[in-house]
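Coordinate analysis (summary)
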Amino acid sequence: MSDAVAVDQRRSPFAGVPTREIVRDAVAVGALLVALPLPWAMLLRGSDLLWVVLATVAALVVIVAPYAERAGVLSGGWKRLAEPAARWWGLAPYGLVALLYLVLDVFSPGDQEGFVGGGLAVGLAGAVLAAAMTGTRPMVVSAVVLAAGAVLNPLLNLVGDTSANGVLGALLGAVLVLGLLWATVRRFVRGDDAAGIVLLVVGGAVMLEIVMLGGGVGTAWFDSVHGSRFGLLLLPVVSAAAAVPVLTRIDALADEPVEAASARWVRVAVQSFELMTLVAGFVAAVALVRLVGVGVSAEVIVRLIVGVLVVVVAVLARRALLRNPKDGHATAVGAACVVVVLGVIIVVARAGVGTASRVEELLLALALPALVLVALIVPPSVRALLGSEPATAPVHGQAEHGQYAQPEYGQYAQPEYGQYAGPDHDQPAYGQYAQPEYGQYAGPDHDQPEYGQYAQPEHAQQWSGEESGHSASSAASREPSSGSEPGARWRGTWADGTDATQHMSPVRSAPSGEQPQAAGSSSPVDATAVQQPVRAQAEATRAESTQMMSPVADAPAGSWTAEQAMDPHTPLEQLAQIVQEAPHLRPHVAANPATYPALLDWLGALGDPAVDAALRSRR
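Everything in this summary refers to the structure shown in the same document. This one's a predicted model, so the numbers in the text were calculated from it and none came from an experiment.

Our focus in this paragraph is the nonpolar core. The biggest cluster of nonpolar side chains holds 104 residues, and the ones touching the most others in it are L234 and F273. In this view, L234 contacts L102, V116, L120, A121 and L146; residues no more than four positions away in its chain are not counted. Membership of the second largest hydrophobic core comes to 20 residues, among which are L572, L575, A576 and V579.

Side chains three or four residues apart in an α-helix point the same way, a direct result of the helix having 3.6 residues per turn. Buried residues of helix α14 (residues 380-387): S381, V382 and L385, and no others. Seen from one end, α14 has its buried residues packed into an arc of 100°, which puts them on one side. Facing away from the buried side of α14 by more than 90 degrees, the exposed set consists of P380 and G387. Turning to α14, the residues buried within the fold contact α10 (258-293), α12 (329-349) and α13 (359-377).

Let us now look at the environment of V61. Locating V61 in the fold gives a position in helix α3 (residues 50-70). In this structure V61 comes out as partly exposed when scored by relative accessible area, which is 40%. Between the C-alpha atom of V61 and that of A86, which follows or precedes it by 25 residues, the distance is 9.9 Å.

This brings us to the side chain of H329. With respect to the helices, strands and loops of the structure, H329 is situated in helix α12. Each residue touching H329, except ones within four places of it in the same chain, is listed here: L321, L376, V382 and L386.

Below, the discussion takes up empty space enclosed by the protein. Summed over all chains, the structure comprises three cavities of 30 Å³ or more. Looking at the largest cavity, its volume works out to about 50 Å³. L180, L181, T184, L199, V202, G203, L235 and L275 are the residues that line the largest cavity. If you list the elements that add at least two residues to the lining of the largest cavity, you get α7 (164-189) and α8 (193-213). Of the residues contributing to the lining of the largest cavity, the split by class is six nonpolar, two polar and no charged.

What counts as what
- Starting from 1, residues in each chain are numbered consecutively following that chain's sequence as written.
- The model is predicted, so local features are restricted to residues of pLDDT at least 70 and side-chain atom pairs to those at 80 or more, both for listing and for counting; the totals for chains, interfaces and linings are taken over all residues.
- Just so you know, side-chain values use all the structure's heavy atoms and leave hydrogens and water out.
- By nonpolar core we mean a set of buried residues, namely Ala, Val, Leu, Ile, Met, Phe, Trp, Tyr and Cys, connected to one another through side-chain atoms within 4.5 Å.
- Each residue's exposure class comes from its accessible area (1.4 Å probe, protein chains only) as a fraction of the maximum for that residue type: buried when under 20%, exposed when over 50%, partly exposed otherwise.
- In what follows, a contact means two residues having at least one pair of non-hydrogen atoms within 4.5 Å.
- In this text, helices come from DSSP runs of H or I with a minimum length of four residues, and strands from runs of E with a minimum of two, each type numbered from the N-terminal end.
- Working note: the arc is built from the helix axis to C-beta atom directions.
- Detection works on a 1 Å grid of protein atoms alone, calling trapped sets that fit a 1.4 Å probe cavities and calling open sets with protein on both sides within 12 Å along at least five of seven lines pockets, with lining residues defined by an atom within 4 Å of a point.
- Grid points are joined across faces, edges and corners, and a volume is the space filled by probe spheres set on the points.
- Polar here means any residue outside two lists: the nonpolar Ala, Val, Leu, Ile, Met, Phe, Trp, Tyr, Cys and Pro, and the charged Asp, Glu, Lys and Arg; Gly therefore counts as polar.

Pasting the structure below:
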């Protein structure tokens, strides 16, 4: 029985294959098959072209061969079809056929076979996806080819017999394609994982739109460098080339902190709103061109008004998310729902007009708002961000993971110069025993001696050490009495091992020409002994004075630098440590594009002008 089970497991076609690869190959096979009945050129579908059918069969064979080899179907020399190199050779003919039709579109103006149909875009995307190309170079190459065609489109219209409105429409189409590529491909190459997710969703949405709506008789979708636009239908190819690197990079972040995961999904929503602004602006601009060149119609007016409204809504929602993701979450979700309604209005307004070359309308009505809703509702990290309570002060100086709340007054933060807690905590009132200015030592009656009267030793009277008969310990043991003379003053020195927050021992103000004497002694007191600070007895003197609270100093910040605070690759845990241990680097952390929202909220609550200026520079 065990041998039979082992044989069955060995002959399973999916044994040892990651689920992601199985899904990838299944989508590629589906795209290749669906591309056959879709138009490849004007009046010609993929199934009408022999070379397209043969290239499709070769691609399907090399995709299925590894699974057939695991199932034991292939034997002998046929097993070579399951090798990785065989897959490349089997997919190459499909790519060459697609490239041939793209070249024909450039050099065959007016020829119906020169137009690029939705079938070519879907089939080429399936072949690129099956190739499973790693790295970002294939994505960049496909994006460059697409951008070149988009730029060539208005130029060819300009040198041709196209009207001014047609040239302007082609120019707007080129701006739309270049903007989409710039906002997705460029950002992903620079390390933004959220841009890769947006690119996959946009390309997948365009492919689905082509399959569902782009192959109808009389309403088929086509692109051409000699037509009104070029590039939108080929976005799935760029998305397919980016699939492997995007998913690989996301898998590497599986164990990232919750704050980083929620920040990435918020960036996905923000970038989706940016694309909404771009697409809606294109819709409104095209409607304005048609309004000026063709005339007034209900469809044009609706497109113009709805386009402007979507731009306003998307800009406001994006700003709310950037300002505070938690507080702006409801605004962003509501804005996405509003955009869905407005996009559906555009689609309904075009009922009876046709759906040719209207990819942007479906992106605006369905794909981009759906991406925002999924990014802000589905991920557990975003739900955890929304359900988190306001952060509290950490216990014993240690903050919980992801919580960096502003400490309560005086608890962990460094007090301002001379600022100490009030009498409720057995501490002097605000500023009562603040660090004195140079030469200024206030007594209990708040009298101030003249400048230099009780200043530091070099300004005070010179006392001879030979005449002093008392040590520092005897001088420090003296306590002020209630019967002290009115001229008594509190005085101390900041010698080694002392600070300005310690109590200073009282001394008598000596008459002119008379040297100070210690109690019960006939010899002058040594200046060093007089100036030694003593620690007050809190229990004995609480009715008269309270014990000073030593200031809390910053943790040593020598290990942190401005470069670390500004580096987007600095780990998030270290950014949180920097703002706690190096307050002077908080503006740099606030300007760091990788700082997560919870830490930005904490920095914004500090009220530091430099930090606030850095936060405003992010918007």
